[in-house]
Amino acid sequence: MKVHWTDTAEDHLDAIYAFIAKDSPEYALRMVDRLTRRSRQIADFPLSGRKVPEYEMEQIREVIEGPYRIIYHIKPDQIDVLAVIHGSQDILH
């Protein structure tokens, strides 16, 4: 299934890169690469992620990569990556 990164999720990736790159541009690039590569798993196995506890909807799921939560919405024709947030962030605020 096709994975579409929303503008919001891409903005999150940019912010993650900028934050980490202050200390290590190389590590920042590796982290963003790890996060984007997880979309292959999501494409092949959309239900492999757990339901997002804050929403408890079957089609809103997440996978964890390092300290980050990749939150996505399973639609009939594609998967939308909605957000990439640090695990310590409150998703509802």
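Residues numbered from 1 in each chain as written. Predicted model: local features only at pLDDT ≥ 70, side-chain atom pairs only at ≥ 80, totals over all residues. Heavy atoms only, no water.

J.: What exactly am I supposed to notice about the overall build of the protein here?
T.: Each helix and strand counted, the protein has 2 helices and 5 strands in total. Its C-alpha atoms give the protein a radius of gyration of 13 Å, within 12% of the compact-globule value 12 Å for 93 residues. Each principal axis of the C-alpha distribution contributes one length, and for the protein these read about 40 × 30 × 20 Å. Per-residue burial over the protein gives 40% buried out of 93 residues. Sequence separation of 24 or more characterises 42% of the internal contacts of the protein that already satisfy a separation of 6 or more. (Helix = DSSP H or I, 4+ residues; strand = E, 2+ residues; numbered from the N terminus. Rg over C-alpha atoms; globule rule 2.2 N^0.38 Å. Buried < 20%, exposed > 50% of the residue type's maximum accessible area, 1.4 Å probe, protein only. Contact = heavy atoms within 4.5 Å.)

J.: Sorry, what's going on with the environment of Arg-34 here?
T.: Along the chain, Arg-34 turns up in helix H2 (residues 25–44). A residue is classified by how much of its surface remains accessible, and Arg-34, at 30% relative accessible area, is partly exposed. Between the C-alpha atoms of Arg-34 and Ile-70, which are 36 residues apart in sequence, the distance is 11 Å. With near-sequence residues (within four places) excluded, Arg-34 lies in contact with Tyr-27, Glu-65 and Gly-66. A polar contact is formed between the side chain of Arg-34 and the side chain of Glu-65, at a distance of 2.7 Å. (Polar contact = N/O pair within 3.5 Å; in protein donor to acceptor, adjacent residues only side chain to side chain.)

J.: When you look at H2 in this model, what are you seeing that I'm missing?
T.: Since there are 3.6 residues in each turn of an α-helix, residues three or four apart along the chain are aligned in direction. End to end, H2 covers 30 Å across 20 residues, agreeing with the expected 28 Å (1.5 Å per residue, within 8%). Taken residue by residue, H2 has Ala-28, Met-31, Val-32, Leu-35, Arg-38, Ser-39, Ile-42 and Ala-43 as its buried positions. On an axial view of H2, the arc spanned by its buried residues comes to 155°, and they lie on one face. Exposed residues on H2 whose side chains face more than 90 degrees from its buried face are Glu-26, Leu-29, Arg-40 and Asp-44. Close packing links the buried residues of H2 with strand S1 (3–5), helix H1 (7–21), strand S3 (60–65), strand S4 (68–74) and strand S5 (79–86). (Expected span 1.5 Å × (residues − 1). Arc of directions from axis to C-beta.)

J.: Before we go on, may I ask you to explain the packing of H1 against H2 in this structure?
T.: Helix-helix packing is described using two parameters, namely the angle between the two axes and the distance between the axes. Relative to each other, H1 and H2 sit at 155°, their axes nearing to 7 Å. The orientation of H1 with respect to H2, classified from their angle, is roughly antiparallel. Considering the relative orientation of H1 and H2, their crossing is right-handed. In this structure, H1 contributes Leu-13, Ile-16, Tyr-17, Ile-20 and Ala-21 to the contact, and H2 contributes Pro-25, Tyr-27, Ala-28, Leu-29, Met-31, Val-32, Leu-35 and Thr-36. Tallied by class, residues from the contact of H1 with H2 come to 12 nonpolar, 1 polar and no charged. (Axes fitted to C-alpha atoms, helices over the stretch in contact; angles between N-to-C directions. Parallel < 35°, antiparallel > 145°, perpendicular 65-115°, else oblique. Left-handed = near helix turned anticlockwise from the far one by under 90°. Nonpolar A, V, L, I, M, F, W, Y, C, P; charged D, E, K, R; others polar.)

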